[in-house]
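This is what each chain is made of:
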Amino acid sequence: MSSTLQSKHVCFSYNKRPLFEDINLNFKPGECIALIGANGAGKSTLLQLLLGLVKAQSGEILLNDTSIANISRKKIAQQVAFVPQSINLPYAFRVQALVAMGRTPYLGAFEFETAHDKAIINLALRKTDISHLHDRLVNTLSSGERQRVLIARAIAQQTPTILFDEPIASLDICHQIETLQLIQSLSQAGKLTITAFHDLNLASYYCPRLILIGTKENGIKTIIADGSPEQVLTAQNLAQHFSITADICKTKEGVSLNKIRPIKNR
Amino acid sequence: MFNSHKAKIIFFSLQIILVILLIITSILQGPANIPFSHIASIFKNYILKNNQTSFPLWQADIILNVRLPRLIIASCAGASLALCGVIMQSIFRNPLASPSIIGVSSGASLGAVLAIYGGFSIISTWSIPFFAFVGASISLFIVYKISLTRGETNIATLLLSGVAISALNISAMSLLLALSLNNWDVARMIIYWTMGGLDGRTWDHVLMILPIVTSSFCFLLFYSKPLNVILLGEQHALSVGIDVTRTRRNLLIISSAMTAAAVSVVGGIGFIGLVVPHILRLLLGPSHRYLLPASLLGGAITLLGADLFVHTLFADKAIPLGVITATLGAPFFLFLLVKQRTALH
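From a predicted model like this one, the values you see are computed outputs, not experimental measurements.

Draft legend 1. Main features of the overall build of chain B. Scanning chain B from N- to C-terminus turns up 15 helices and two strands. Against the 2.2 N^0.38 benchmark of 20 Å for 345 residues, chain B shows a C-alpha radius of gyration of 21 Å, consistent with a compact globule. Seen along its three principal axes, the alpha-carbon backbone of chain B occupies a region of about 65 × 60 × 35 Å. In chain B, buried positions account for 55% of the 345 residues. Once local pairs closer than 6 in sequence are excluded, the contacts in chain B between residues at least 24 apart make up 76%. Split by element, the accessible area of chain B, about 15,700 Å² in all, is 72% carbon and sulfur. Taken as two groups, the 20 positive and 9 negative side-chain charges of chain B have centres that lie 12 Å from each other.

Dropping the structure here:
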């Protein structure tokens with residue numbers, strides 16, 4: 001089950017405009033990682049790079065020491081699952097059917113789910129606490145429920161790595177906490193989880209490792225800081241990359257930011 | 001509505017019974033009155049190859065060479081247009097996508113007219129479907145490139161690019177017709193072809209459409225799972241391991257081929273590709289495992305039914321099939337558009 005994900009000297013440009021430069025990251029199984037950065041910093045793009053959805057211009061993403069560009073989508077989907085940002089599901093699929101889509105990478109075109117697959121699907125439904133919804137139509141669910149359906153699909157994919165693109169962006173506070181606890185429990189079960197965040201307090205509370213993406217002086221984006229909340233959430237980083245000042249308090253769990261204020265003169 | 005597995009089986013049985021009923025009625029129905037007993041012995045004779053005739057020979061000719069190809073063509077054309085609608089609505093993630101609305105049908109028509117104008121149709125009858133395929137593919141590819149950005153289609157862009165491509169295709173067809181008017185034989189062939197419909201269709205036409213529809217349908221069955229996930233969005237499909245670019249390309253080729261086959265045999269018949277998949281999605285849900293076979297049958301039922309309707313009620317007037325499908329389909333399209341308007345804001 002153990003799998004490694006690495007990025008080596010990755011550079012990426014969008015429409016010939018350089019976006020990322022020299023991204024070097026190493027991930028280990030069981031890590032719970034938060035990806036932070038301001039709007040437009042490139043969190044989603046970095047997740048898409050790690051998933052092989054977009055191709056790096058130079059450098060490579062290594063999945064189990066093989067370049068992700070040389071692995072078929074089906075094989076990637078058996079290693080890395082992805083929970084997209086959009087939880088807009090306008091079509092009337094049943095919850096059960098949508099979670100079952102997570103088994104797609106393991107099944108042929110005409111194969112039905114076996115008893116083994118069904119057990120995995122039910123387990124995913126139970127882990128995300130949506131067993132009671134299994135017969136509902138996804139377009140009638142609340143956004144918190146839809147988010148959990150998509151996480152259940154990623155769990156049903158049974159991958160060692162799960163990437164989340166702003167999974168709590170459209171949820172109320174209770175569902176935010178529930179979702180983050182779910183992500184935490186997944187990494188405690190040995191999965192590598194990488195989550196894009198906006199809320200720095202929640203990020204530092206739930207994730208022992210933070211990765212800050214931001215813009216360098218030359219206008220190109222890269223990894224600014226990578227480490228524990230104390231190392232990443234410094235006054236300088238907050239001012240430069242989030243345009244805020246805050247009281248940085250060290251707590252038992254890590255760091256908490258109080259009295260967050262915007263810096264006006266940007 | 002038909003949610004459980006059992007209800008779906010009942011639904012499919014109903015569809016199959018309806019197809020069989022329509023086929024029997026269509027075979028019985030026509031300007032010449034041929035009794036059922038004769039038809040039965042015509043088929044028996046044909047299959048057993050014995051020559052004891054209890055019926056006039058012209059009757060066998062009408063049944064085997066006029067009515068039979070006509071109803072096979074009607075079923076195939078309806079089925080292929082409905083299947084194209086299903087695929088396009090899934091690829092474009094948009095309920096308004098269908099062959100006639102996004103300009104693919106008119107692209108196929110332009111290709112066919114070009115084949116007649118250039119004299120290729122005299123060299124080989126297969127040039128018409130081939131050129132139609134090229135025309136349909138080019139139109140579909142242009143609309144696809146314009147309207148799809150980052151896996152999402154904007155409804156306005158999709159419809160506007162479809163309108164623009166259709167207008168271009170239709171004006172190019174008019175131009176070709178105007179240019180060919182000094183050569184009356186070519187002009188007559190173009191006019192006759194553009195009228196479309198099911199009259200005078202022969203086994204040659206069956207050979208053009210039947211293999212394409214059956215093989216495309218078999219290919220499509222491989223894509224029923226990917227189509228489900230693509231309907232949810234590009235990122236969803238990629239994250240569960242579907243090679244979206246390749247799948248989309250193959251599906252676009254298949255739908256161009258089916259539109260081209262339908263258009264080159266019966267001409268542009270609008271709204272089947274829009275309405276049939278919609279009604280079936282409401283009844284059966286969005287899963288393509290059921291939607292694909294249901295559309296195959298549903299499209300066949302619609303066109304067979306429309307043809308029978310025209311034949312029984314307006315037997316003495318030559319009313320094109322497209323009139324019937326448009327009368328039923330256009331209000332439905334407007335209804336969908338009004339529904340979409342609320343989603344747009």
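Having put the structure on the table, let's press on.
Draft legend 2. A look at empty space enclosed by the protein. All names here are of chain A. Scanning the entire structure with this criterion turns up two cavities of 30 Å³ or more. Taken as a whole, the largest cavity spans an internal volume of roughly 40 Å³. With three residues, helix α6 (residues 173-188) is the largest single contributor of residues to the lining of the largest cavity.

Draft legend 3. Region of the structure containing helix α5 (residues 143-156) of chain A. The end-to-end C-alpha separation of α5 of chain A is 20 Å, in line with the 20 Å expected for 14 residues at 1.5 Å each. Following α5 of chain A by one or two positions, Q158 of chain A adopts a phi angle in the positive range, close to 50°.

Draft legend 4. Here's a closer look at the pattern of salt bridges. Residues and elements named next belong to chain A. This structure, assessed with the given rule, holds eight salt bridges over all chains. The salt bridge involving R209 is made with E31; its shortest N-O contact spans 3.0 Å. Taken as a pair, R209 in strand β9 (residues 209-215) and E31 in the loop between β2 (17-27) and β3 (32-36) lie far apart in primary sequence, 178 residues in all. Residue E31 is classed as buried on the basis of its relative accessible area of 17%. Ionic pairing is found between K43 and E166, a salt bridge with its closest N-O pair at 3.9 Å. Taken as a pair, K43 in helix α1 (residues 43-51) and E166 in the loop between β7 (161-164) and α6 lie far apart in primary sequence, 123 residues in all.

Draft legend 5. Main features of the interface of chain A and chain B. Taken together, the contact pairs 30 residues of chain A with 24 residues of chain B. Taking both sides of the interface into account, the surface hidden between chain A and chain B amounts to around 2,300 Å²; carbon and sulfur atoms contribute 63%. If you look at where chain A meets chain B, you find zero salt bridges. Across the chain A-chain B interface, the total number found is five residue pairs in polar contact (both at pLDDT 80 or more).

Draft legend 6. The pairing of strand β8 (residues 192-196) of chain A, seen in detail. All names here are of chain A. Among the five residues in β8, five count as buried, and that is most of the element. What you see with β8 is no split at all: L192, I194 and A196 on one side and T193 and T195 on the other are buried throughout. When β3 meets β8, the two strands line up parallel, connected through four bridges. Note that in β8 the partner of I33 across the bridge is I194. Where β7 meets β8, four bridges bridge the pair, whose relative direction is parallel. Paired with T161 across the two strands is L192, which belongs to β8.

Draft legend 7. Spatial organisation of helix α4 (residues 115-127) of chain A. All names here are of chain A. With 13 residues, α4 extends 18 Å between its outermost C-alpha atoms, agreeing within 8% with the 18 Å of an ideal straight helix rising 1.5 Å per residue. Listing the buried residues of α4 in full gives D117, I120, I121, A124 and L125. Along the axis of α4, the buried residues cluster in a sector spanning 140°; they form a single face. Of the residues in α4, the exposed ones pointing more than 90 degrees away from the buried face are A115, H116 and R126. Next to the buried residues of α4 lie α3 (95-100) and α5. Looking one or two residues past α4, D129 carries a phi angle of roughly 65°, positive in sign.

Draft legend 8. Expanded view of the packing of aromatic side chains. Inspection of every chain in the model, using the stated rule, returns seven aromatic pairs over all chains. With a centroid separation of 4.8 Å and 65° between ring planes, the pair formed by F110 of chain A and F222 of chain B is classed as edge-to-face. Here F110 of chain A is found in the loop between α3 and α4, whereas its partner F222 of chain B is found in helix α9 (residues 203-222) on a different chain. On the accessibility criterion, F222 of chain B (44% relative accessible area) is partly exposed. Ring centres 6.2 Å apart and planes at 80° place the aromatic pair F11 of chain B and F12 of chain B in the edge-to-face group. Grouping residues by exposure puts F11 of chain B and F12 of chain B together as buried. An aromatic cluster is present here, built from F120, F130 and F131 of chain B joined pairwise through their rings. The ring of Y290 of chain B carries the charged tip of K8 of chain B above its face, separated from the ring centre by 4.5 Å.

Draft legend 9. Fine view of a nonpolar patch on the surface. All names here are of chain B. A contiguous nonpolar patch, built from I16, I20, I24, L28 and F36 and spanning about 440 Å² of accessible area, is present on the exposed surface. Residue contributions to the nonpolar patch peak at four residues, all from helix α1 (residues 5-28). As for its placement among the helices and strands, L28 is situated in helix α1. With relative accessibility at 32%, the residue L28 sits in the partly exposed group.

Draft legend 10. Here's a closer look at the side chain of S180 of chain B. Residue and element names in this part refer to chain B. Along the chain, S180 falls in helix α7 (residues 155-180). At 2.8 Å, the side chain of S180 and the backbone oxygen of L177 are in polar contact. Contacts of S180, omitting those with residues within four sequence positions, involve Y117, V186, A187 and I190.

Analysis parameters
Residues numbered from 1 in each chain as written. Chains lettered and ligands numbered in written order. Predicted model: local features only at pLDDT ≥ 70, side-chain atom pairs only at ≥ 80, totals over all residues. Heavy atoms only, no water. Helix = DSSP H or I, 4+ residues; strand = E, 2+ residues; numbered from the N terminus. Rg over C-alpha atoms; globule rule 2.2 N^0.38 Å. Buried < 20%, exposed > 50% of the residue type's maximum accessible area, 1.4 Å probe, protein only. Contact = heavy atoms within 4.5 Å. Areas by Shrake-Rupley, 256 points an atom, 1.4 Å probe, with all protein chains shown as cover. Lys, Arg positive; Asp, Glu negative; His and termini not counted. Charge placed at Lys NZ, Arg CZ, Asp CG, Glu CD. 1 Å grid on protein atoms, 1.4 Å probe; cavity = no way out; pocket = protein on both sides within 12 Å on 5 of 7 lines; lining within 4 Å. Points joined across faces, edges and corners; volume = space filled by probe spheres on them. Expected span 1.5 Å × (residues − 1). Salt bridge = Lys/Arg side-chain N within 4 Å of Asp/Glu carboxyl O. Buried area = accessible area lost by both parts, 1.4 Å probe. Polar contact = N/O pair within 3.5 Å; in protein donor to acceptor, adjacent residues only side chain to side chain. Pairing = 2+ DSSP bridges. Arc of directions from axis to C-beta. Phe/Tyr/Trp six-rings, centres within 6.5 Å; stacked < 30°, edge-to-face > 60°. Lys NZ or Arg CZ within 6 Å of the ring centre and 35° of its normal. Patch = residues over 30% accessible without salt bridge, like charges linked within 9 Å, V, L, I, M, F, W, Y side chains within 5 Å.

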